[in-house]
Amino acid sequence: MRSVAVAAKVTAMTEPRRLPLETWGRHWLGRLQVWSDRRGWSRYAFEFLMFGIKQGWACLFGGAMLALLLATGLWWPEGAPVARYDFLVLGALTIQAAMLALKLESWEEARVILVFHVVGTIMELFKTAHGSWIYPEDSVLRIGMVPLFSGFMYAAVGSYIARVWRIFDIRFRHYPPLWTTWVLAAAIYVNFFAHHWLPDVRLGLFAATALLFGRGWFYFTPDRRRRSMPFLLGFLLVALFIWFAENLGTWAQAWAYPGQEDGWEPVSLAKLGSWFLLMMISVVLVSLVHRPEAEPSPSPGA
C-alpha cells in the first residue's frame, strides 16, 4: 500500500495543474504521443515538440502583446482617431479579459500581472524622467511621460514566469531561504533607482545572486519525464529571450533608447544584465503566489 501511495504522489507531482483548454490540448496530442513512443528518436522529438508548445503557451500574453507592437508599428494609419499607444492599452486589456473569460489564464496569474504592472509603471515613471528611454508618440492614456501600455510589458514577464511555473510543474532543489530572496529583490529594485546618484552596485548584486542561487536547480516536465537545469542558466536564457523581444519592440518604435531617436540600432548587450537582474525580481514576486516547492529526492533503487 505504501508503494502505491508513493507512486500516486509522484504521478501527481509530475502532472502539471491544467486549465480546461490545456487538458483538451493534451488529450488531442495523445495519438501523436502513442506513435512517437514506437522509436527512441521520435519519442525525444515529441518531447522537444511539447517543450516548444508549452513555452509558446506560457508566452501567450507576452506573445500577443509583442504581435500588437509589431503590427501597429508597421501598419498604424496616419490620422487614426485613436493614438497608437492608447490602442495598445485597450488591446492589452482586451487580451487580458479574453484570457480570463476563455479560461486561458487563472485568476492567480492575473493577480501576478497586476502586481508587475504596478511595479513596472513605477520604474517607468522614474526612468523616463531621467532620460533612460523615451516614448516618442503622443497619447491620452498615460501618466506623465509614460503611456499605460508600458506596464503591460513588465506584466508580460510576470505572466510568463507564473504560467511557465505552473505549466511545467516547476519544483526546486536548494532554493534559498525566502527572506534572502526578498532582500536580494529589494536591493536590485532600489539599485535600479539609486544608481543615478550613488555608485552602481550591480556587480555586487550579480555576486549575491550567484551566491544564493548558484547551487540551485529547477525541475520541470516537458512531456512525461522530469528534466532539470541550473537556476542561473535558466534565468540567463529567459533574460536573453526578453532582450530579443526588446529589440523587436524598439524596432517597432514602441519606445526608444538614447541613440535610437534618428534610426533603429540593436539594444546594447549591457541591457541583458539588467534583464537578468529583473528576472530575480520577477521570480521573487511570483514566489509570493506560487510558493517554491521542493523536488522530491529519487527513492533508493529508482
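Each residue is numbered by its place in its chain's sequence as written, counting from 1. With the structure being a predicted model, the display of local features is reserved for residues of pLDDT at least 70 and the display and counting of side-chain atom pairs for 80 or more, all residues being used for whole-chain, interface and lining totals. Each side-chain value is derived from all of the structure's non-hydrogen atoms; neither hydrogens nor water enter the calculation.

A. Structural detail: the nonpolar core. If you look at the biggest cluster of nonpolar residues, it comprises 69 residues, and the most contacted ones within it are F61, M65, L69, F149, I170, I188 and F192. Contacts: residue pairs with any heavy atoms within 4.5 Å of one another. Leaving out residues up to four positions away in the same chain, I188 has contacts with L205, L277, M280 and I281. Here, nonpolar core refers to any group of buried Ala, Val, Leu, Ile, Met, Phe, Trp, Tyr and Cys residues whose side-chain atoms link them within 4.5 Å. Here's how the labels work: a residue is buried when its accessible area is under 20% of the maximum for its type, exposed when over 50%, partly exposed in between, all with a 1.4 Å probe on protein chains only.

B. Inspection of the pattern of salt bridges at higher detail. Note on definitions: salt bridges are taken to be side-chain nitrogens of Lys or Arg within 4 Å of carboxyl oxygens of Asp or Glu. Within this structure, the stated rule accounts for 10 salt bridges. For E47, the salt bridge is made with R227, and the minimal N-O distance between the two is 2.7 Å. Of this pair, E47 sits in helix 4 (residues 40-58) while R227 is found in strand 5 (residues 227-230), placing the two residues 180 residues apart along the sequence. Since its relative accessible area comes to 23%, R227 is described here as partly exposed. The partner of E109 in a salt bridge is R166, with the nearest N and O atoms 2.7 Å apart. One end of the pair, E109, is in helix 7 (residues 107-129); the other, R166, is in helix 8 (residues 150-167), with 57 residues separating them in the sequence. With respect to burial, E109 and R166 carry one shared label: buried. Among the ionic contacts, a cluster of salt bridges with common partners joins D169, R171, R226, E293 and E295. A run of DSSP states H or I qualifies as a helix once it reaches four residues; a run of E qualifies as a strand once it reaches two. Both are numbered from the N-terminal end.

C. Just unusual backbone geometry, in detail. At D169, a residue that is not glycine, the phi angle is positive and equals roughly 50°. The topology assignment puts D169 in the loop between helix 8 and strand 3 (171-173). Residue D169 is classed as buried on the basis of its relative accessible area, which comes to 2%. The backbone phi angle of H174 is positive, close to 65°, even though this residue is not glycine. Inspection of the secondary structure assignment puts H174 in the loop between strand 3 and helix 9 (178-194). For H174, a relative accessible area of 43% translates into the label partly exposed.

D. The arrangement of the environment of G73 in detail. In this fold, G73 is placed in helix 5 (residues 60-75). Since its relative accessible area comes to 33%, G73 is described here as partly exposed. Separated by 180 residues in the primary sequence, G73 and Q253 place their C-alpha atoms 6.4 Å from one another. The contacts of G73, once residues within four sequence positions are left out, are R84 and A252.

E. Seen up close, the pairing of strand 4 (residues 217-220). Pairing between strand 3 and strand 4: 3 bridges, direction antiparallel. Looking at strand 4, one finds that F172 is bridged to F218. Sheet topology note: the strand 4/strand 5 ladder contains 4 bridges and is antiparallel. When the bridges of strand 5 are listed, W217 appears paired with P230. The antiparallel pairing of strand 4 with strand 5 creates a hairpin that spans 6 residues between the two strands. Only strands that DSSP links by at least two bridges are regarded as paired with each other.

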